[in-house]
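Each chain is listed here by its residues.
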Amino acid sequence: MNWKTLRGFIKKEFRQSLRDPVMQRLIFLAPMLQLTVFGFALNNETRDIRMAIFSKPNDTVIQRFQDKALASGWFIKANVSENDPFMSIQSGEAEVAIVIKDKKVEAATLLEPVPIQILISAVNSLRAQAIESYVQAILNDTLTGNNSSQKLIQIETKILYNPRMETSYFLIPALIGIIICLITVLLTSMAFTREREAGTMETILSAPIQKWEIILGKAIPSTLLAAVNSFLTCSAGAVVFGIPFTGSLFLLSLVLATFIFTTVAIGIAISTISQTQQQAMMGSFLFLFPALLLSGLMFPVENMPPFMKVFSEINPMTHFNYIMRNIILKGGDLEFVLIHVGVILGIGIISFYLAFRNFKTTLN
Amino acid sequence: MSSDANKAVLVSHLLVQFGEFKAVNDISFSVDKGEIFGFLGANGAGKTTSIRVICGLLKPTAGEVSVGGEVFKGNGDNLKKKVGYMSQKFTLYDDLTVAENLEFTASLRKLDQDYFEERKKYLLDFIQFEYSEKSFVRDLSGGIKQQVALVASLLHDPEVIFLDEPTAGVTPVSRALFWSLIQKLADHGKTVFVTSHYMDEVEHCHRIALMRGGEIIALDTPKGLKSSQFPYGIYQLTAKAEDITDIEKALQRSSEVESFQPHGIHYHLAPKKDNSWEKISPLILPRFTAKKIRPSLEDVFIKLVEGKNR
């Protein structure tokens, strides 16, 4: 076995990608910046909901409800200029209106119930869902406290693994995956097409070079760059967002290494079927966007129709997210982690096989 | 043939087909060791495709190619070892230095460090490279880049060197310099296979194959090509008055005239037979000043390649 070619390739790739100061920044600083910016900006907690209440004066139950709602920090009082609940939402002054028409809530009896109407603006459906559940939760809480007969049943909720339900604990691991994907898939997919466009591929192929030498020569530098990067982004996640990383670092490294291997393989597979850098770029995005959307980060995999679930299951990012959450928050269940690592590895091996089969050492 | 052992390149009935299109259509020729062999033809004539097959870069559809006694096998690795190839674009990495580019080429060829250093020094001396090895390729002029690309293709000391339009887009001075290097290589016993558009520089070749539509339509020494195509020479005619439409038509139809073509501000006339000029000169001399000239390769090219397209 002669390693000269492989060594020469790796040296050349590193020289090319690390010499350019712009590229240095793009490779190392941009991911950290993205992580920080997205980590802070992508926050799906619903806050500052403008709430308007239309009720009889001195309704103590509603007063209590309002106090609780405002104290929760989710709601603020809407400034309503009109006395019409619908108009207050139409004008955008309020996002939710609580309407009790005829009498006070406390006057309700079994024979004469008091209807409470809740109007919610669903212009933003995600926000509306959150508002609905918040209002109902606070109303339930207020009303059960009011009705002594229901004290027989006590509900005690304890939220495990992420007690404060920090969104960043959920988002950051996925963001690390996205950043790795961007570097590996995008950079690697350009690897061969850039040479093809510049004509340097012809020179490379005019030497008696083996397939594995050229494929590994391109794969190894991307893998190492992505490895350094994932270490940096994980550290940033821990330092900036206080992600706990409760699981073993060895397991975490294993997962990251497998995921990087697979995404590099996908990048190379895309590279072998693209003729131009443009095609490679489009091919990468054709993979990246569905991979992102179907990874369970934005929409839960459980809610997808069965045929979409299939795509979700052959998506390495889905499995990466499963494992990262498991390791970071639950401490890492070895069997669970190994199963999903196995799936990611399988996808990687298939991609590598396809890349290897498609790559030709002649120009035919 | 008994002299096959002395052949650097042997091509027999080579066919390269892309779908229905025959890029190279049944060509056969051989190149001797130490010969400068030129491939001449318009764009799309099949020059680059032929070269790529002989270098092991492209699998032939049919036919046989052998270089230094090796026949194209598998993925062409056996051929690739014997040849050096320099493509049309002087493929070096702009963002690497001269030394780094050469180092990469050496690693592609799996050269030992000592051997590489020795060859590098020898070849940079050979091209009289006077810049720093640490200069970036992007900072070099076209002519120097081309010479460094030549060094890269010669690092592993190949028996045959293929140069695909090596002088496209460089200054005339650099072209002349480059051809003196090619000459020097041949003097050292290397076989040089070169394609070109430029008629004047192909004159340096020992033999020339003219390609058109994937076929070799003529193969000879430059001198042989000229004398076989223009056995009775060429007359350069300069019109005395502007309007010559009538006589132009008469000359083109005449059975004594092989060809009559505009050539810049002049016309080139090739007589058909030994005594043709004597017969038609009375018709010509009142209207033109005439001068007998030696035919150039350009005349050959126009007659063989472009003439047949009409």
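Relevant structure appears above.
Below, the structure is looked at part by part. Here the structure is a predicted model, which means the values were calculated and not measured.

## Observations regarding the overall build of chain B
A tally of helices and strands in chain B yields 11 helices and 14 strands. Across its three principal directions, the C-alpha atoms of chain B cover 75 × 45 × 35 Å. Evaluated residue by residue, chain B yields a buried proportion of 53% over its 310 residues. Pairs at least 24 residues apart make up 70% of the contacts formed inside chain B by residues separated by at least 6 positions. On chain B, roughly 14200 Å² of surface is accessible, and the fraction owed to carbon and sulfur atoms is 50%.

## Re helix 9 (residues 249-273) of chain A
Between its first and last C-alpha, helix 9 of chain A extends 36 Å over 25 residues, near the 36 Å set by a 1.5 Å rise per residue. Taken across its 25 residues, helix 9 of chain A has 18 buried, putting it largely inside the fold.

## Re the packing of aromatic side chains
Tallied over the full model, the rule gives 22 aromatic pairs over all chains. Between F285 of chain A and F289 of chain A, the aromatic rings sit 5.6 Å apart at their centres with planes inclined by 25 degrees, giving stacked as the arrangement. Of this pair, F285 of chain A and F289 of chain A are both found in helix 10 (residues 277-293), 4 residues apart, which corresponds to roughly one turn of the helix. The interplanar angle of 55 degrees and the centroid separation of 5.8 Å between the aromatic rings of F129 of chain B and Y131 of chain B together place this pair among those described as tilted. Note on F129 of chain B: relative accessible area 15%, which makes it buried. A relative accessible area of 43% means that Y131 of chain B is categorised as partly exposed. Ring pairs connect the aromatic residues F29, F37, F39, F162 and F193 of chain B, which therefore count as one cluster. The aromatic ring of F136 of chain B is capped on one face by R138 of chain B, whose charged end is 4.5 Å from the ring centroid. The ring of F230 of chain B has K303 of chain B lying over it, and the distance from NZ or CZ to the ring centre is 5.2 Å.

Criteria and cut-off values
Residues numbered from 1 in each chain as written. Chains lettered and ligands numbered in written order. Predicted model: local features only at pLDDT ≥ 70, side-chain atom pairs only at ≥ 80, totals over all residues. Heavy atoms only, no water. Helix = DSSP H or I, 4+ residues; strand = E, 2+ residues; numbered from the N terminus. Buried < 20%, exposed > 50% of the residue type's maximum accessible area, 1.4 Å probe, protein only. Contact = heavy atoms within 4.5 Å. Areas by Shrake-Rupley, 256 points an atom, 1.4 Å probe, with all protein chains shown as cover. Expected span 1.5 Å × (residues − 1). Phe/Tyr/Trp six-rings, centres within 6.5 Å; stacked < 30°, edge-to-face > 60°. Lys NZ or Arg CZ within 6 Å of the ring centre and 35° of its normal.

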